[in-house]
Amino acid sequence: MLDDAELMQRTAAGDGEAFRVLVERHGTAVHSFFLRLVRNVDDAEDLTQELFLALFRSAGRYRPDAPFTAYLYRIASNMAASHMRRRSARRTQSLDELAEAGFESATARHEDHPERTFEEREMRRRYENALARLPGDWRIALELRVGRELSYGEIAAAMGKSVSAVESILVRARERVAAEMGDVGRRE
Amino acid sequence: MDCRTCRILISREIDGEAAGADRAGFDRHLGSCAYCASFRDSARRANAVHRAIPERAPSPRLVASILAATVERREIPRTRWWLRIAVPAAAAAVFVLGFWVGSLMHERYGGESASTLAGGAAGLELEYLDEYPPGSFGDILAASYEGGME
Ligand SMILES: [Zn+2]
């Protein structure tokens, strides 16, 4: 199986099949990333399309010494950040609402549990509300770490920050979420 | 160990990043600081909630649209397709015209110089058609036929 860097080089050389594999391999992750951050189905679709167009056009400029995930999520994070800045007034949808809007996953990485208990749904709702109040780059960092499972080093490369800045954002984001959810009353 | 350092280590622990050297100091602080112990429980729970959010695959329509705007455009070049028909057609037209002029001249004047003159004209036309640069008349024609320049 070809790795992402090789697929990018082949794409740059005009191999359409290589790009198809990249779309197939990263489509669900990228789409989920945008959906969670912008919380609007149409916007997430637009951003997913934009991202892959940008990736396709820039294939010739990609240098394989940079890890592909960091490269991919650098573009994606910039797009998400500028979208979140532009559109603070637009209505967002909760992830449950998104699921109910006929938005079924074909290849869910985590299993969807239709029998989820009321407590679990309530917990997720509170978590989402807490997330929604975080600054945009804190949410991006959390999603890159927890949702996309990028390492601190990859997140630093994707967000153009140092590893210690990423570490500090993740701690502050988690403290804020805990406080918003009423779990931790105060900070030292 | 202070609370700030402890919370950084809790966050790193949740993320599976290397925890640093002072494991004993970390455990001692957690044992004596209710706030950090509570933060650790809360952050772990929140992490589990985040991880349980289902992934959403892009719709087949979206994937088709991405491919149509990228690889399929490259695989089925819009302009060149038109030129592949236009150039031989133009060449054939010039050849037929040249042949017709040549036979007319032959009929009127006889001899061989006339038909080489017409053949030379046909060659000139072909060269011109082969060489016109992108963005020239042929591309504009092709683009207008396809419904717009790229
Ligand atoms: Zn403490």
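Residues numbered from 1 in each chain as written. Chains lettered and ligands numbered in written order. Predicted model: local features only at pLDDT ≥ 70, side-chain atom pairs only at ≥ 80, totals over all residues. Heavy atoms only, no water.

S.K.: For the pattern of salt bridges, give the residues involved together with the corresponding values.
M.R.: By the definition in use, this model includes 23 salt bridges over all chains. Of the charged contacts in the structure, one is a salt bridge between A:R148 and A:E143, with a shortest N-O distance of 2.9 Å. Linked through salt bridges whose partners overlap, the residues forming this network are B:E13, B:R23, B:D27, B:R40 and B:R44. (Salt bridge = Lys/Arg side-chain N within 4 Å of Asp/Glu carboxyl O.)

S.K.: Residues and numbers for the packing of aromatic side chains, please.
M.R.: Per the counting criterion, the structure on display carries six aromatic pairs over all chains. Between the aromatic rings of A:F33 and A:Y73, the centroid separation amounts to 5.3 Å while the plane-to-plane angle is 65 degrees, which identifies the pairing as edge-to-face. In this pair, A:F33 is assigned in helix 2 (residues 16–38) and A:Y73 in helix 4 (residues 68–86), connecting sequence segments 40 residues apart. Judged by its relative accessible area of 0%, A:F33 falls in the buried class. Taken together, the ring pairs connect A:F19, A:F52 and A:F56 into an aromatic cluster. We note B:R7 situated over the ring of B:F39; from NZ or CZ to the ring centre the distance is 5.1 Å. (Phe/Tyr/Trp six-rings, centres within 6.5 Å; stacked < 30°, edge-to-face > 60°. Helix = DSSP H or I, 4+ residues; strand = E, 2+ residues; numbered from the N terminus. Buried < 20%, exposed > 50% of the residue type's maximum accessible area, 1.4 Å probe, protein only. Lys NZ or Arg CZ within 6 Å of the ring centre and 35° of its normal.)

S.K.: Let's hear about the coordination of the zinc ion: which residues, and what values?
M.R.: Reference geometry at the metal: tetrahedral coordination by four donors gives ideal angles of 109.5 degrees; octahedral coordination by six donors gives 90 or 180 degrees. Residues and elements named next belong to chain B. Donor atoms from the polypeptide that bind the zinc ion are C3 (SG), H29 (NE2), C33 (SG) and C36 (SG), placed at 2.1 to 2.3 Å. The coordination sphere of the zinc ion comprises four donor atoms, whose angles at the metal cover 102 to 114 degrees; the geometry is tetrahedral. Sequence positions of the residues that donate to the zinc ion give the spacing C-x25-H-x3-C-x2-C. Of the two residues, C3 sits in helix 1 (residues 3–14) while H29 sits in helix 2 (residues 23–32), which places them 26 residues apart along the sequence. Residue classification places H29 among the buried residues on the basis of a relative accessible area of 11%. (Donors = N, O, S within 2.8 Å, 3.2 Å for Na, K, Ca; no water. Tetrahedral: all angles 85-135°; square planar, octahedral: opposite > 155°, others 65-115°.)

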